[in-house]
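Report on the structure
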Amino acid sequence: MTDRHVFEVVASRDVHVGRILALRVDDVRMPGGAVHSREVVEHLGAVAVAAVDDEGRVALVHQYRHPMGKRLWELPAGLIDHAGEDPLGTAKRELVEEAGLEAADWAVLVDVAASPGFTDELLRVYLATGLTETERVHMGEEEADLEVHRVPLGEAMHMVLAGEVINAAAVAGILAAHTALVGRAPTRPADAPWDDRPTAFTDRVANR
């Protein structure tokens, strides 16, 4: 078998380094020897939670997303703030902060590459069951406008297929939760390895 081409980065330069992401341009050697530039957005990585109650309803949040210019239906979700943060711990925190919920049982549903053509952003979506209500914490200006709804899982799945839910983590998480709970497909343990978790931006911040 012929050896596969190694896409070597021969040069790299930063364009922007912000609070939650960085934009760099890599010069990459392609098959045949030519070098082409590729823009890469480094991201912290994030988690989302498909929290399903005993009545089969999933918690959805309706919140404003400025790049889209409108409110979107999403799962409770948030950024992994630093390299050492446990993703499951982040998921538990975000479920409380955004939905006012805690869960007794956790599992990994899916890992989602948001847009691998230009960013290393990856989201891990958890399934949370055995829900109890707790005090919701408002952490920011956008979150103060956030609304929480509990939607029957089957109805949420139809919202996805109708194009009413377009957030990538929500689309994947709702369909995966329906498959796991209704189709009885297996999930992964809550502490399952996450080999593709993005590290470039957190490493950059740690080395400042």
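To keep things clear, this report deals only with the structure shown in the data block. (Residues numbered from 1 in each chain as written. Predicted model: local features only at pLDDT ≥ 70, side-chain atom pairs only at ≥ 80, totals over all residues. Heavy atoms only, no water.)

1. Here we look at the layout of surface pockets
The condition that has to hold: Grid spacing is 1 Å over the protein atoms alone, the probe is 1.4 Å, and a cavity is where that probe fits but cannot get out, while a pocket is an open set with protein on both sides within 12 Å along at least five of seven lines and lining residues have an atom within 4 Å of a point. Grid points are joined across faces, edges and corners, and a volume is the space filled by probe spheres set on the points. A run of H or I in DSSP counts as a helix once it spans at least four residues, and a run of E counts as a strand once it spans at least two, with each numbered from the N terminus. All residues other than Ala, Val, Leu, Ile, Met, Phe, Trp, Tyr, Cys, Pro, Asp, Glu, Lys and Arg, Gly among them, are scored as polar; the first ten of these are nonpolar and the last four charged.
Considered as a void within the structure, the largest pocket measures approximately 1300 Å³ in volume. Lining the largest pocket are 40 residues, with I20, H43, R65, L79 and E121 positioned closest to its centre. Sorting the residues of the lining of the largest pocket by element identifies β3 (35–43), β4 (46–51), β5 (57–65), β6 (70–74), β7 (77–79), α1 (87–99), α2 (141–144) and α4 (168–181) as the ones contributing at least two each. With 4 residues, α1 is the largest single contributor of residues to the lining of the largest pocket. Taken together, the residues of the lining of the largest pocket sort by class into 21 nonpolar, 8 polar and 11 charged.

2. A look at the pairing of strand β8 (residues 101–113)
Put simply, the rule is: Paired strands, as defined in this entry, are two strands with at least two bridges between them according to DSSP.
As defined by bridge partners, β8 adjoins strand β9 (residues 122–133) across 11 bridges and the pair is classed as antiparallel. Opposite A107, over in β9, you have L127 as the bridge partner. The pairing of β8 with strand β11 (residues 188–189) spans 2 bridges and is antiparallel. Pairing of A107 across the sheet is with P189, part of β11.

3. Quick word on the sheet that holds strand β2 (residues 21–29)
Backbone-to-backbone hydrogen bonds pair the strands of a sheet. The strands run either parallel or antiparallel. So the rule is basically this: Simply put, an axis is a line fit to the C-alpha atoms, just over the touching stretch for a helix, and the angle between two N-to-C directions goes from 0 to 180 degrees.
Spatial ordering of the open sheet is given by β1-β2-β3, a layout of 3 strands whose pairing is antiparallel. The sheet is open, and its two edges are formed by β1 (9–17) and β3, each paired on a single side. Within the sheet, the average angular offset between the axes of one strand and its neighbour, ignoring direction, is 20°. Strand direction decides the pairing type here: β1 and β2, joined by 7 bridges, are antiparallel. In the sheet register, H16 faces β2, and the bridge partner there is L23.

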